[in-house]
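# Structure assessment
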Amino acid sequence: MNKTKKIFLLLLLTVPMLVMAEADPYNKPDIVWTKNANSHTGRYVTKGNTVAHSISLTLDAAYYYGDVENRGLAVAGGQLFADNVCGMAKVNYTQPIASMLSLRYSLGGGVLRGNNEKYADILYTSDSPLSYRKFQSWILNAAVGVEIFPIPDAGFFIYAGLLLNYSNVRMDYGKAGPSGDWLYNWKNNSFLPMIPVEIGYQFKLKKSWLMNVHVGIAQGLGDNGTLNLDGYPHDFKARGTGTAAGMTGTAGTVTKQWWDGWFNVGITISYSWHNCEICRLRKW
């Protein structure tokens, strides 16, 4: 074997060994440095990555409740309607502020819809065609909230925050009896501050990649002509466009006792990163 072949064989054997030696630390559990020592262990590190800097994508199926639904307390007042099922997505950034506490910032959007047609069929009288209504809206929202992981080294979490929602609403009004066609349409822009609450469980997929499953509710903090989720209640003469704009009478001005909102269930995929040992000297 000549000298060149010996050198080539030596490199062939040495380089993989060096790569394996360099990669070995990455096979260990993720280490997260915290600002304060753990009250139980006295350590500044944890092997979990539940609370860490991360960016994530959330996909939710949602169920709208509000004025364009059955009457009474949401869902409990009657049957569920398939026309109220909708979907939304959001992008999140999570910032740790304590060993079991994170701030979550979110930007999202999607489609909301509702239809009380089946419910109105039961209550229909010849003088109440406007009791029929359905809507669909494109929504955009921004939220900030707190994630709490109450059980050390476990993925169970509780989230609560404040959300501001914008709805671009298209609503259809009125039917001349259960078999009639929709008589009017109306378009409007609505805003609504809301309180979103979630519970869920987060687990690790692989290094730095996390996934959670969650259920939640977002409850509106008002229900008037400007602050609503579904474009109802409103004054036809004051705002909006469409064939119903300018209508007179009390239609659209009476609201239920229960405010608008939605239930949601979904998943979140996150990519997280952690403080290295030298970063311990820096702030979060």
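Residues numbered from 1 in each chain as written. Predicted model: local features only at pLDDT ≥ 70, side-chain atom pairs only at ≥ 80, totals over all residues. Heavy atoms only, no water.

## Things to note about the side chain of T94
As a reminder, the rule being used: The secondary structure listing takes helices from DSSP runs of H or I that are at least 4 residues long and strands from runs of E that are at least 2 residues long, numbered from the N terminus. Should any heavy atoms of two residues lie within 4.5 Å, those residues are counted as being in contact.
Mapped onto the elements, T94 comes out in strand β4 (residues 85–98). Contact partners of T94, with chain neighbours within four places excluded, come to A52, H53, S54, S102, L103, R104 and E147.

## Quick notes on the sheet that holds strand β7 (residues 156–175)
Cut-off, in case you're wondering: One bridge is not enough; two strands pair if DSSP finds at least two bridges between them. The axes are straight lines fitted to the C-alpha atoms, using for helices just the contacting stretch, and the angles between their N-to-C directions are given from 0 to 180°.
Strand order in this closed barrel of 8 strands is β3-β4-β5-β6-β7-β8-β9-β10, and the pairing throughout is antiparallel. The sheet shows a mean angle of 20° between the axes of neighbouring strands, direction not considered. With 10 bridges connecting them, strand β3 (residues 53–65) and β4 associate as antiparallel partners. Counterpart to S56 in the pairing with β4 is N92.

## Some remarks on the nonpolar core
Spelled out, the test is: Grouping buried Ala, Val, Leu, Ile, Met, Phe, Trp, Tyr and Cys residues that are joined through side-chain atoms within 4.5 Å yields what is termed a nonpolar core. Only protein chains enter the area calculation, which uses a 1.4 Å probe; residues under 20% of their type maximum are buried, those over 50% are exposed, and those in between are partly exposed.
Ranked by size, the top nonpolar core spans 23 residues in total, and within it L112, F135, M194, L229 and W262 carry the most contacts. Where this core is concerned, the elements lending two or more residues are β3, β4, β6 (133–148), β7 and β8 (182–206).

## What to know about the pairing of strand β10 (residues 261–273)
Here β3 pairs with β10 via 13 bridges, running antiparallel. Residue pairing for β10: Y64 is matched across the bridge by W262.

Any functional reading would require information beyond the geometric quantities listed.
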